[in-house]
Amino acid sequence: MMGKTRIIALFIVGAIIAMALSVVGYWGFMFIPMIPMGYAMRSRSIVSLALLGLAGAVGAMASILLNPYAIQDGAVTAAIIGAPGGPAIPLALTLTLAFLNAGLGGAAGAQASEVVKNKRVGKAR
Amino acid sequence: MSFRISSMIKLSAAIIGVAVVLAVMYIPFSPLAPLVDVLNPGIGIGVWGSTPPPGIGCINNTVAINSSTAEVTVCVTPDGFIRIAANQDWALFYEQGYLTAEYRLAQLVFMRAMAEGNLSSIVGPSMIQSDEFYRTLESTIVAQETVNQLNKSSYEYMALHYYVLGINDYIKSMPPSRLPLVLKVLGYEPTPWSMRDTFAIQQLLTWSLSGTDDPLAFTFALENMPKQAVEALYPAYPPSVQYPIYSYNLNPTIYEGSGNARNLSLYSMNPLPPGIALPAFNKAAEDAIAFFQGDPSFSSSIVGKILPGFNPFIHYVEGLTDAGSNNWVVNASMGTAILANDPHLTTTVPSIWIGFQLVAPGLNVVGVDFPGTPGVILGHNPYIAWGATDAEPQVCYFYVEETSPSHPGEYFHNGSWIPFTVIHETIQVKGGKDINYLVERAANGVVVGNYSGVVIVMDWTGLYPNNEVATFLGFDLAKNLSDFLTALSNFKVGIQNFAYADNKGNFGIFTYGLYPIIRAGNPRAVLPGYGNYDWVGFIPTSDQPYVLDPSSGFAASANQVPVSRGYPYYLGWSYESGFRADEINHDLSTFKAASNLSISSMEATQLDVHDYSTDLFLPSLISALSEGKLGTMGRRAVDLLVKWNGNFTVDSAAATIYYFWLQQYMNDTFMPWLIYYNITRPEGLGEFSFFLGPDSVYHGQLILDLANWTQYYPDSQWFYDPLNHQARNSDYVMVLAFNQTVKYLQELLGPDPTHWDWGYVHKRLLASLFGLPGLTVGPFQSPGDGNTINAAYGLTSTIGPSWRMIADMRHPMSAVGVYPGGISENPLSLYNDTTAYWLTGKYYQLMPSGLPMEFYYLYLPGVKP
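Quick caveat, the model's predicted, so the values are computed rather than measured. (Residues numbered from 1 in each chain as written. Chains lettered and ligands numbered in written order. Predicted model: local features only at pLDDT ≥ 70, side-chain atom pairs only at ≥ 80, totals over all residues. Heavy atoms only, no water.)

**Things to note about the pattern of salt bridges**
Residues and elements named next belong to chain B.
Phase 1: This structure, assessed with the given rule, holds 10 salt bridges over all chains.
Phase 2: Taking the shortest distance from any N to any O, the salt bridge between R441 and E138 comes out at 2.6 Å. Of this pair, R441 sits in strand β15 (residues 435-442) while E138 sits in the loop between α5 (128-136) and α6 (139-148); the two residues are 303 residues apart in sequence, bridging distant segments of the chain.
Phase 3: For E138, a relative accessible area of 3% puts it in the buried group. (Salt bridge = Lys/Arg side-chain N within 4 Å of Asp/Glu carboxyl O. Helix = DSSP H or I, 4+ residues; strand = E, 2+ residues; numbered from the N terminus. Buried < 20%, exposed > 50% of the residue type's maximum accessible area, 1.4 Å probe, protein only.)

Dropping the structure here:
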């Protein structure tokens, strides 16, 4: 139960951090704070990737929606680059990158935690 | 142990994954900016953070520069106009520059880059050829020379100074959210504007109005065809009935004196300089023709093409093309002068125009402006109105230089060997290496073709400093004809038929500028470059064509032949067919006879979609078809033609049949001869109007031959098919073309001719100025064709009346106008607001009621700016 709460808390904190980084334009660095968060999550790396990646995407999306013209801007951008489907492709690309950036950072943190844990276990033996 | 290895591998994979994601985000996919920037969700930063410019409304503010302050009122109105009233003239131009940048920054950036040969630095290698072309035109050099010659105490200098300051203050103060999306996608940060940039854009526009490479291709006609064929197919003066703008009857004074026309040989090939072999010369000419493809206005439209590859900017930029225009002035009852104008330029979004009303002490002008240029280009003030059509004189001359292997890098000119002047240009290419490009210049032009030492140069009046910005600022301020003509004296290169009407009832058309004079040879082709055929001067202004207050009661220009036979100077030969002019003359004569010369009748004339060519061809066609061998469907198609009035309305099936038939009739008549005379693709077959080029075939020179033969010489030898040795007359070819047309339309539109509506095949499209199909507006079913006053060239027309204006100078506040698109280049705001009006033939009152009082300054007593 405690673990679940921690994970939810870390997800929320991750989303807030991701949004903060997005708002100020440093979304490319989302993976950095996600590393210790993934470490702290103490879950399997795939879970960290999914949850913290989702936090990154949610944070980015929240930042995007702060601009009331954002979705229309996405549609215009799609028109400029010749992508069909209105804003769908730029939006999907943005959220995918945010997801992977944050999620892979979290996965790296989780895996580092795993490695450290294994090292300790090895020493104890 | 294996568990630990597995963990390390997973950790490594996660780290590599992060690295890959970062690489995807940070490495740019040329020509786009890195995704981390483009898609940045930060507030105002990436594409997600963009906000459009302000919408409709009025604001008052105080402009302060150094120790000067001024009160300014700005109104953005839904008719596509920005209205600025300032109590200081410097503040007016500052605001105009500032607001132009606010609403059209990307357009400014791209037009400047195009004019100065820097597009490759923004969009990558796809635009290298365009950059090389404009570097060769020396736009930047000429623009700087023009700036250097400006009088720093002049009104123009003041206007330019503050206009530029306004643009740059906007760029400096612009929040990231307002950087245009197209620039964000490209990762381009706008650099400061300068006066030179304004004149570089002027060069771009004057080239679009006056540039041509016709003589290169026409040389092949002279070379391959016997003189008899050239005389028949390409008469230097149109064979059919014409209404010259400056006919002898309207102004005999300009026909006095002796010019150069009688000394020229317009049907002969020019001699080649010593040592130049014909095959090498031909290759050099082909090389030069290919070089001109670097000018987007010579390239086919991007519209309808599928994006090749990943570079959406590969076709940038929609060429600025001038296909034709109309203007006329009439003397209505009680000495009232009315002016109407609709220049046919590329119809884009954003428009090449932006509407402005500019009010300052001594000034209240309303009309349209080219972004990047202070003032109003076409419009009216309380005293005068003016409009323009392209006069289409020949101001580009081509020469083949005398060169020799024993004099490398030199050309023989006026008795001595002279080294080419070489200018080293560096073209920066986004995502590639810089290109070192050499521009070579001789005394008689810049090098545009070089094959195996055979050098072809082009002399163009625009290669020398010229200040046409001064003309328009002068027009804006003019109070009478004298002021107008003083301003017009600055206009040199992109020679226009400037229509004029004033509140005193004067009306006229003037086509002043630099008309080169050569002493001998054939200017229609490439001339020898050794000096004897160089320009020796220009036609004196006193001899240049104009018409003022003609007794006919009106004057009209529509790019037709400007003068009657017998004008002493050679002006050129490649004009429009004159069908639009014929129709305008018909309409104005009719309205005049009915004493109905008014704004509403002028509107009706501007919107006229009757194709005058039908008056010439249709009776002969119907006669031929009545006796021709036709199928059932052909008979039904004939029935439609018989009942037709020649109007190209969207619901007319006969219009569709006629349009395709005329294309086919032209092709069936002339293509066999062009092939027979070995005119090839590299020589311009299918590219130039006189070689059955696209669309312009419909209104080029050959159509006048065909009209003449069909009406008066139906058994002309030129209906003979030289490829199949088949004797034919006009009836035979007309029926042949008709059957081909019916077969084609059946496949295209189905078996029922009554359903072949013109609107199904003929559309208007407002192409994206940036060449981006996703940002185009349309297509819309459209009436008209390339020969109608309300012109829509081609089947998917991206060229047409880019601005319509009618001003009755007895009541200048009642003037009306409309341009398609809107004020803004941002698709989210004021991008496409005026298109519906334009498409449906509606007009806005240029000075609507309800504006703050300062906008009625000089019209209403007691009002101050």
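Next comes the rest of the description.
**A look at the side chain of N585 of chain B**
All names here are of chain B.
Phase 1: Within the secondary structure, N585 sits in helix α15 (residues 579-593).
Phase 2: Residue N585 is classed as buried on the basis of its relative accessible area, which comes to 11%.
Phase 3: Look past the residues within four positions of N585 in its chain and what remains in contact with it is Y243, F554 and A556. (Contact = heavy atoms within 4.5 Å.)

**Notes on the interface of chain B and chain A**
Phase 1: In this assembly, 41 residues from chain B lie in contact with 42 residues from chain A.
Phase 2: Carbon and sulfur atoms make up 76% of the area that chain B and chain A hide from each other, which totals about 3400 Å².
Phase 3: Where chain B touches chain A, the interface holds 0 salt bridges.
Phase 4: Linking chain B with chain A are 9 residue pairs in polar contact (both at pLDDT 80 or more), by the criterion used here.
Phase 5: At the level of secondary structure, the elements contributing two or more residues to the side of chain B that touches chain A comprise α1 (2-26), α2 (35-38) and α8 (181-186) of chain B.
Phase 6: For the side of chain B that touches chain A, the leading source of residues is α1 of chain B, giving 15 residues.
Phase 7: In terms of residue class, the side of chain B that touches chain A is made up of 31 nonpolar, 8 polar and 2 charged. (Buried area = accessible area lost by both parts, 1.4 Å probe. Polar contact = N/O pair within 3.5 Å; in protein donor to acceptor, adjacent residues only side chain to side chain. Nonpolar A, V, L, I, M, F, W, Y, C, P; charged D, E, K, R; others polar.)

**Observations concerning the pairing of strand β2 (residues 68-77) of chain B**
Residues and elements named next belong to chain B.
Phase 1: Here β2 lies mainly inside the structure; 7 of its 10 residues are buried.
Phase 2: Where strand β1 (residues 57-65) and β2 come together, 9 bridges link them in antiparallel fashion. If you follow I59 over to β2, its bridge partner there is V74.
Phase 3: In the sheet, β2 pairs with strand β3 (residues 81-86) via 6 bridges, with the strands oriented antiparallel. Looking at the pairing, T77 lines up with F81 of β3.
Phase 4: If you look at the hairpin formed by β2 and β3, you'll find 3 residues sitting between the two strands, and G80 has a positive phi there, around 90 degrees. (Pairing = 2+ DSSP bridges.)

**Points about helix α10 (residues 214-224) of chain B**
Residue and element names in this part refer to chain B.
Phase 1: Across the 11 residues that make up α10, a large majority, 9, are buried.
Phase 2: Taken residue by residue, α10 has D214, P215, L216, A217, F218, T219, F220, A221 and L222 as its buried positions.
Phase 3: Next to the buried residues of α10 lie α11 (227-233), α12 (278-291), β11 (396-400) and β17 (454-460).

**Considerations on the state of the cysteines**
All names here are of chain B.
Phase 1: In the structure shown here, the tally under the stated rule is 1 disulfide over all chains.
Phase 2: There is a disulfide in this structure between C58 and C75, and the S-S distance comes to 1.9 Å. Judged by the sign of its S-S torsion, about 110 degrees, the bond between C58 and C75 is right-handed. A residue pair is termed long-range when its members are at least 10 positions apart, and C58 in strand β1 and C75 in strand β2 qualify at 17 residues.
Phase 3: Judged by its relative accessible area of 0%, C75 is buried. (Disulfide = S-S within 2.5 Å.)

**Topic: a nonpolar patch on the surface**
Phase 1: Together, V24, Y26, F29 and I32 of chain A together with Y26 of chain B line one region of the surface with nonpolar side chains, adding up to about 480 Å² of accessible area.
Phase 2: Residue position: F29 of chain A is located in the loop between α1 (2-23) and α2 (31-41). (Patch = residues over 30% accessible without salt bridge, like charges linked within 9 Å, V, L, I, M, F, W, Y side chains within 5 Å. Areas by Shrake-Rupley, 256 points an atom, 1.4 Å probe, with all protein chains shown as cover.)

**Considering the confidence of the model for chain B**
Residue and element names in this part refer to chain B.
Phase 1: Chain-level pLDDT for chain B is 92 on average; 95% of the residues reach the 70-or-more range.
Phase 2: The low-confidence segment residues 297-319, where pLDDT is below 50, has 69 contacts with residues more than four positions distant or belonging to other chains.
Phase 3: With a pTM of 0.93, the predicted complex shows an ipTM of 0.94. (pLDDT = per-residue confidence, 0-100.)

**Quick word on the packing of helix α7 (residues 155-173) of chain B against helix α9 (residues 195-210) of chain B**
Residues and elements named next belong to chain B.
Phase 1: It is at 9 Å that the axes of α7 and α9 come closest, and there the two elements cross at 105 degrees. When the axes of α7 and α9 are compared, the pair comes out roughly perpendicular. Of the residues in α9, those in contact with E156, Y157, L160, H161 and V164 of α7 are M195, T198 and F199.
Phase 2: The residue makeup of the contact of α7 with α9, split by class, is 5 nonpolar, 2 polar and 1 charged. (Axes fitted to C-alpha atoms, helices over the stretch in contact; angles between N-to-C directions. Parallel < 35°, antiparallel > 145°, perpendicular 65-115°, else oblique.)

**With respect to the sheet that holds strand β16 (residues 445-451) of chain B**
Residues and elements named next belong to chain B.
Phase 1: Across the sheet, which stays open at both edges, the 6 strands sit in the order β14-β15-β16-β17-β11-β21 with mixed pairing between neighbours. Unpaired on one side and paired on the other, β14 (421-427) and β21 (527-528) mark the two borders of the sheet.
Phase 2: Set on the sheet, α9 makes contact with β11 and β17; between it and β17 the angle comes to about 105 degrees.

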